[in-house]
Amino acid sequence: MHYADGVLPPPPSSTHRRTIAMWLHRLQLAQPVSSRACPPCLRESGGRWLLRWRLIWSFACVRHRVFLLSVCRGCGNGLHQVLPGPGSPVMCGQSDWKRPGYVCRHSIWRMRPPRLSDTHLLECQRRLDDLIDHPHRPGSVDILRTLHLALEDIRGGYDFAPSLPDTDAVLHRRWHGHGGVLSYLDDPLLTAALIKIATLGGIGTSRTARAQIDMASWSTDGFPRTTGVSPVNRFGGTCRAIACLAWVPPGQGVVARAKDGPLILCPAHVDHATSDRYNPLPPAVAEVFSPRP
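I will try to describe carefully the structure that is included in this document. Computed from a prediction, not measured in an experiment: that's the story for all the values here.

## With respect to the overall build of the chain
Step number 1: When helices and strands are counted, the chain shows eight helices and eight strands.
Step number 2: Looking at the 293 residues of the chain, the share that counts as buried comes to 50%.
Step number 3: At a minimum sequence separation of 6, the contacts of the chain that also span at least 24 residues come to 58%.
Step number 4: On the chain, roughly 14600 Å² of surface is accessible, and the fraction owed to carbon and sulfur atoms is 54%.

So this is what it looks like as structure tokens:
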């Protein structure tokens, strides 16, 4: 509920745990009954779990430079189940229905997570943490939801999305082993791989409005508040013109306003932005989103 009406949509009217779990399941933005975790953080805090670990935008710990874990290294079940059981903040304690009487005794804070050396992903997670920690800031809401749309675009059309660029070997192994099933809600490694692809345009450091539009910027300042600024293609996506599956890299193409939300169009279908389906964009904005040489 801390994130509701912010980076998460408004909550359901009922506060019953089952209702909230179903709401979270439909959103596909947070894990309703389990959590990702950084074992070194749990060891240092004595078993304190962070709320942000349950959100899809959390895939790593920038302090310890490791990827988060989402399943027990012993039994393979999700970590920190909220269902009643003999577990604790530092021990898995889950049972296996295939083995009557079995209870997993693996210590969560002794598990070894994969190391993270990709500096780009570290910076991505650092900025995401700042956005998540300000869940009701307009810039945070816009950027995080836009990133989620980009991740869903890659998940749904990975045959047409760019390939995974150079990054940590553990991500390449996970990416090439997904077998066409890109379920990243409970997989920090797959989340990191998708975010790596979605941020191919880099992270803009300029604070000028034009530079933030031209690049796929998602700085801690959030969405540029300049009057008349159009939606920003920060993270890339599939062209939404009919029968077009072209991938539009971050900072390119045209973002058109539609009643269902902003839609990305490739340069070949820029004229669609002036059709009855879309609201036309100012000429200056269309020029900004024209393909770069």
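## Observations regarding the nonpolar core
Here is a general trend for soluble globular proteins: nonpolar side chains tend to be buried in one another's company.
Step number 1: Ranked by internal contacts, the top residues of the largest apolar core, which has 47 residues, are Trp57 and Trp175.
Step number 2: Sorting elements by how many residues they give to this core places helix α6 (residues 188–198) first, with eight residues.
Step number 3: Once residues lying within four places of it in the same chain are set aside, the contact partners of Trp175 are Ile154, Leu164, Leu182, Leu190, Ala193, Leu194 and Ile197.
Step number 4: Ranked by size, the runner-up nonpolar core spans 16 residues in total, among them Cys38, Trp49, Cys61 and Val66.

## What about the packing of aromatic side chains?
Step number 1: Inspection of the entire model under this criterion finds one aromatic pair.
Step number 2: For the ring pair Trp49 and Trp53, a centre distance of 6.0 Å and an interplane angle of 80° mean the geometry is edge-to-face. Taken individually, Trp49 and Trp53 each receive the classification buried, so the pair is uniform in this respect.

## Thoughts on the environment of Trp57
Step number 1: Looking at the element boundaries, Trp57 is found in the loop between α2 (39–45) and β1 (60–61).
Step number 2: Overall, the relative accessible area of 0% leaves Trp57 in the buried class.
Step number 3: Once the C-alpha coordinates of Trp57 and Leu29 are considered, the two residues, 28 residues apart in sequence, prove to be 8.2 Å apart.
Step number 4: If we skip the residues at most four places from it in the chain, Trp57 touches Val7, Leu29, Gln125, Leu128, Ile132, Leu144, Arg145, Leu147 and His148.

## Details of the pattern of salt bridges
Step number 1: In the structure shown here, the tally under the stated rule is ten salt bridges.
Step number 2: Here Lys196 ties to Asp118 by a salt bridge, and the two come within 2.9 Å at their closest N and O atoms. Here Lys196 is found in helix α6, whereas its partner Asp118 is found in the loop between β4 (99–103) and α3 (119–132), with 78 residues between them in sequence.
Step number 3: Asp118 sits in the buried class, given a relative accessible area of 8%.
Step number 4: A salt bridge links Arg127 to Glu123, with the shortest nitrogen-to-oxygen separation between them at 2.9 Å. Taken together, the residues span about one helical turn, with Arg127 and Glu123 both in helix α3 at a distance of four residues.

The rules behind each value
Residues numbered from 1 in each chain as written. Predicted model: local features only at pLDDT ≥ 70, side-chain atom pairs only at ≥ 80, totals over all residues. Heavy atoms only, no water. Helix = DSSP H or I, 4+ residues; strand = E, 2+ residues; numbered from the N terminus. Buried < 20%, exposed > 50% of the residue type's maximum accessible area, 1.4 Å probe, protein only. Contact = heavy atoms within 4.5 Å. Areas by Shrake-Rupley, 256 points an atom, 1.4 Å probe, with all protein chains shown as cover. Core = buried A, V, L, I, M, F, W, Y, C linked by side-chain atoms within 4.5 Å. Phe/Tyr/Trp six-rings, centres within 6.5 Å; stacked < 30°, edge-to-face > 60°. Salt bridge = Lys/Arg side-chain N within 4 Å of Asp/Glu carboxyl O.

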